[in-house]
Amino acid sequence: MPLISVCIPTYKGEKYIKETLKSVKSQNFSDYEIVMNEDMNGKGLGWNLNELVKKAKGQILVFLARDDILLPGSLALSLLLYQKSKNSGSIQKRTIIQS
């Protein structure tokens, strides 16, 4: 079972998804899975996010939009922040987090 599930809801995301996946796969942390769900029926973001949560197996869920790019070390930093304050949630605006 992976420690982190990187959840990516998509809707017509072909233009951007390759760079997003490349940024996830280039992380220096390897205990993760990538979970994607395409909203082919236009049911909405809420439905798409719920589907991702159902599919995810990780203890920690990291949500990315189809055009987000993870900076190097982002998953390791997410794990560190989680370990410092377990059972916490986070909502972020567009911010670059540097270690």
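Refer to the preceding data block for the structure.
Residues numbered from 1 in each chain as written. Predicted model: local features only at pLDDT ≥ 70, side-chain atom pairs only at ≥ 80, totals over all residues. Heavy atoms only, no water.

Here we come to the sheet that holds strand β3 (residues 60-63). If you trace the three strands from one edge of the open sheet to the other, you get β2-β1-β3, paired in parallel fashion. In the strand order of this sheet, the two ends are held by β2 (32-38) and β3, each with one partner. Strand after strand, the sheet turns through a mean of 25 degrees between neighbouring axes, direction not considered. Pairing geometry for strand β1 (residues 4-10) and β3, over four bridges, is parallel. The partner of Ser-5 across the bridge, within β3, is Leu-61. Where helix α2 (residues 45-55) meets the sheet, it contacts β1, β2 and β3, and its direction lies at approximately 145 degrees from that of β2. In the packing of helix α3 (residues 74-84) onto the sheet, contacts are made with β1, β2 and β3, and the angle to β3 comes to roughly 130 degrees. (Pairing = 2+ DSSP bridges. Helix = DSSP H or I, 4+ residues; strand = E, 2+ residues; numbered from the N terminus. Axes fitted to C-alpha atoms, helices over the stretch in contact; angles between N-to-C directions. Contact = heavy atoms within 4.5 Å.)

Our next topic: α2. Taken as a whole, α2 has its buried residues at Asn-48, Glu-51 and Leu-52. Each buried residue of α2 lies within a common arc of 100 degrees when the element is viewed along its axis, so the set occupies one face. Residues of α2 that are buried in the fold lie against β1 and β2. (Buried < 20%, exposed > 50% of the residue type's maximum accessible area, 1.4 Å probe, protein only. Arc of directions from axis to C-beta.)

Attention now moves to the pattern of salt bridges. Using the criterion set out here, one finds one salt bridge in the structure. The salt bridge involving Lys-54 is made with Glu-51; its shortest N-O contact spans 3.1 Å. Placement of the pair is Lys-54 and Glu-51 together in helix α2, with a separation of three residues, close to one helical turn. (Salt bridge = Lys/Arg side-chain N within 4 Å of Asp/Glu carboxyl O.)

Another point: α3. Those residues of α3 that sit buried are Ser-74, Leu-75, Leu-77, Leu-79 and Tyr-82. In this structure, the buried side of α3 is in contact with β1, β2 and β3.

Membership of the largest hydrophobic core comes to 15 residues, with the highest contact counts inside it found for Ile-4, Val-6, Leu-64 and Leu-75. With residues up to four places along the chain from it excluded, the contact list for Leu-64 reads Val-6, Cys-7, Ile-8, Pro-9, Thr-20, Val-24 and Leu-70. (Core = buried A, V, L, I, M, F, W, Y, C linked by side-chain atoms within 4.5 Å.)

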